[in-house]
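# Fold and contact review
Spelled out from the first residue to the last, the chains are:
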Amino acid sequence: MSATTNAFAGLKDLTAGTAAAPEAAPKREPKRDALGRSYATGRRKNAIARVWVKPGKGEIIINGKKAPVYFARPVLRMLITQPFLVADRYNQFDVYCTVTGGGLSGQAGAVRHGISRALSLYEPELRGILKAAGFLTRDPRMVERKKYGKPKARRSFQFSKR
């Protein structure tokens, strides 16, 4: 019995030493260029968006066009403004981005991912909020490739017994 109590006494000493000196998480520094902008890359499906964020009136320019012109569907416009709404920074930042590849839905997802990453670089304290909302995680879903001998990825030709 005395051997087990000695073993537990050693464990108590170990836990007491670690609890006395908790290490604080390193403070993240904002990353901004000479013009006061933060840059990030967003990806979704086959779309890649290069995004610059700076303080402003809330203007979003995508490939030289304003957001309502480039993304005509309201759902896509709502998608790219979600990071600002979650972080309570709506109409406080101007966004300039170039996006290539994929379709409109993938491009909107890439812009949202890029805006979220750029916001977390501009204001590091927003990282927890954006991460909890799932905006900093790249969506890994991709289109499955077509297999030979099949008309699509999984679809087979109609079977006939004749």
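My aim in this report is to walk through the structure given alongside it, one point at a time.

Cut-offs and rules
Residues numbered from 1 in each chain as written. Predicted model: local features only at pLDDT ≥ 70, side-chain atom pairs only at ≥ 80, totals over all residues. Heavy atoms only, no water. Phe/Tyr/Trp six-rings, centres within 6.5 Å; stacked < 30°, edge-to-face > 60°. Helix = DSSP H or I, 4+ residues; strand = E, 2+ residues; numbered from the N terminus. Buried < 20%, exposed > 50% of the residue type's maximum accessible area, 1.4 Å probe, protein only. Axes fitted to C-alpha atoms, helices over the stretch in contact; angles between N-to-C directions. Parallel < 35°, antiparallel > 145°, perpendicular 65-115°, else oblique. Contact = heavy atoms within 4.5 Å. Nonpolar A, V, L, I, M, F, W, Y, C, P; charged D, E, K, R; others polar. Salt bridge = Lys/Arg side-chain N within 4 Å of Asp/Glu carboxyl O. Pairing = 2+ DSSP bridges.

## Some remarks on the packing of aromatic side chains
Taken as a whole and assessed by the stated rule, the structure comprises 5 aromatic pairs. Ring geometry for tryptophan 52 versus tyrosine 96: centroids 5.9 Å apart, planes at 40°, classification tilted. Of this pair, tryptophan 52 sits in strand β2 (residues 47-55) while tyrosine 96 sits in strand β5 (residues 93-100), placing them 44 residues apart in sequence. A residue is classified by how much of its surface remains accessible, and tryptophan 52, at 18% relative accessible area, is buried.

## Observations regarding the packing of helix α3 (residues 74-86) against helix α4 (residues 104-122)
Two elements in contact, α3 and α4, have axes separated by 8 Å at closest approach and are oriented at 10°. Comparing the axis directions of α3 and α4 gives the class roughly parallel. The segment α3 lies against α4, with Leu76, Leu79, Ile80, Gln82, Pro83 and Phe84 engaging Leu104, Ser105, Ala108, Gly109, Val111, Arg112, Ile115, Ser116 and Leu119. A class-by-class count of the residues in the contact of α3 with α4 yields 10 nonpolar, 4 polar and 1 charged.

## Considering the pattern of salt bridges
Under the criterion given, the structure shown has 7 salt bridges. Here arginine 154 and glutamate 144 are joined by a salt bridge, their closest N and O atoms 3.0 Å apart. Of the two residues, arginine 154 is situated in the segment after α5 (127-133) and glutamate 144 in the segment after α5; the sequence distance between them amounts to 10 residues. Arginine 154 gets classed as exposed once you look at its relative accessible area, which sits at 64%. Using a relative accessible area of 39% as the deciding quantity, one classes glutamate 144 as partly exposed. In the salt-bridge network here, residues are joined through shared partners; they are Arg44, Asp139 and Arg141.

## Comments concerning the pairing of β5
By the criterion of burial, β5 is predominantly enclosed, with 6 of the 8 residues buried. Of the pairings in the sheet, the one linking β2 to β5 comprises 8 bridges and is antiparallel in character. Bridge pairing links tryptophan 52 to tyrosine 96 in β5.

No statement about biological role is implied by the geometric values presented.
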